[in-house]
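Residue-level listing of the chains:
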Amino acid sequence: MTENRVLSWIPRAVVFDCDGVLMSTEEYCLLSKVLVLRDHGVEPDADVLASLKGLHYSAAGATLARSLGTSASAEECSAQALAKQRELYRTQPSHALPGALDLVKRTSAVMPVACATSSPQDAVEAVLARAGILPYLVCVTSPTMGFAPKPAPDAYLAAAEACAVEPADILAVEDSTSGIRSAVAAGMRVLGVGPEPSAEQLALVDHWVASLDDPVLTDWAQRLVLPNSDEASACV
């Protein structure tokens, strides 16, 4: 039987996505764009919604502008979507997803832990702080810091640099195809999380769990001991 590339392995750092992995904020990315359209009197149809799903706000501007005709430029639409996303993070209730805080605590006790997100850094840090997760993280990396958005590997590579760990020694935890592609492009092993993975997602990840409180994953985290604990402490 082939060894599981996650459960039979000890990484030297873990980098989590935020929305849909650590926090219940995954709908804010799409909703922010829908709210921009509605502010201009446009209700998106199914095709428009499908084209916007998973798009970073900086890449969604052109699609939003096309839906609005000539009422706004792509740059204006991107800026409006970013503002809406920040507003949603600030005003809407959110919570840590099942198992998230416990897994972050367990892994951060023995190795650096970070977050690589496509959402605004300040908004993500605020919700992670309220959920009690932020103090356990080395950093939160985001395109608002100047990185190219996922599926480019930039945010994950920046997190690896902050953790002082080579990407090949890092486990990335993701729920979206774009995020998985980003982590794979960075050279990391990937744990996928979510209730209904697509065939493409399953083909890309090294292991998949329905949620972060999966008993098998909890058992794996309880057994984590780095070969050189002094080195792990130095990285933190």
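These figures come from a predicted structure and were not determined experimentally.

Q: Just give me the short version of the pairing of strand E2 (residues 113–116), but keep the residues and values in it.
A: A two-sided burial pattern is seen for E2, the buried positions comprising Val 113 and Cys 115 on one face and Ala 114 and Ala 116 on the other. In the sheet, strand E1 (residues 13–16) pairs with E2 via three bridges, with the strands oriented parallel. Pairing of Val 15 across the sheet is with Ala 114, part of E2. Where E2 meets strand E3 (residues 140–141), two bridges bridge the pair, whose relative direction is parallel. The residue of E3 that forms the bridge with Cys 115 is Val 140.

Q: Run through the environment of Cys 115, naming residues and quoting values.
A: Summarising the element assignment, Cys 115 is placed in strand E2. The sequence separation of Cys 115 and Leu 134 amounts to 19 residues, and the corresponding C-alpha distance is 9.1 Å. Not counting residues up to four positions away in its chain, the partners in contact with Cys 115 are Val 15, Phe 16, Asp 17, Cys 18, Val 124, Leu 128, Leu 137, Cys 139, Val 140 and Thr 141.

Q: Please provide a residue-by-residue account of helix H3 (residues 57–68), values included.
A: Helical geometry note: an α-helix holds 3.6 residues per turn, so side chains three or four residues apart project in the same direction. With 12 residues, H3 ought to run about 16 Å at 1.5 Å a step, and its terminal C-alpha atoms sit 16 Å apart, in line with that. Residues of H3 that are buried: Tyr 57, Ala 60, Gly 61, Thr 63, Leu 64, Ala 65 and Leu 68. Where H3 is buried, its residues contact helix H1 (28–39), helix H2 (46–52) and helix H4 (74–91). Positive phi appears at Gly 69, one or two residues downstream of H3, with a value of about 75 degrees.

Q: Give me the lowdown on the confidence of the model for the protein, citing residues and values where you can.
A: Per-residue pLDDT for the protein has a mean of 92; in total, 94% of the residues score no lower than 70. For residues 231–236, every residue scores under 50 in pLDDT, and the model assigns this stretch nine contacts once sequence neighbours within four places are set aside.

Q: Give me the lowdown on the side chain of His 56, citing residues and values where you can.
A: Examined against the element boundaries, His 56 turns out to sit in the loop between H2 and H3. Side chain to side chain, His 56 and Ser 58 meet in a polar contact 2.6 Å long.

Q: How would you sum up the packing of aromatic side chains? Please name residues and give values.
A: All told, the structure shown has one aromatic pair when counted by the stated rule. Aromatic side chains Tyr 28 and Tyr 89 sit 5.3 Å apart centroid to centroid with 80 degrees between the ring planes, which places their arrangement in the edge-to-face category. Here Tyr 28, found in helix H1, pairs with Tyr 89, found in helix H4; they are 61 residues apart in sequence, far enough to count as distant. Residue class for Tyr 89 comes out buried when judged on its relative accessible area of 2%.

Reading the values: the criteria
- Residues numbered from 1 in each chain as written.
- Predicted model: local features only at pLDDT ≥ 70, side-chain atom pairs only at ≥ 80, totals over all residues.
- Heavy atoms only, no water.
- Buried < 20%, exposed > 50% of the residue type's maximum accessible area, 1.4 Å probe, protein only.
- Helix = DSSP H or I, 4+ residues; strand = E, 2+ residues; numbered from the N terminus.
- Pairing = 2+ DSSP bridges.
- Contact = heavy atoms within 4.5 Å.
- Expected span 1.5 Å × (residues − 1).
- pLDDT = per-residue confidence, 0-100.
- Polar contact = N/O pair within 3.5 Å; in protein donor to acceptor, adjacent residues only side chain to side chain.
- Phe/Tyr/Trp six-rings, centres within 6.5 Å; stacked < 30°, edge-to-face > 60°.

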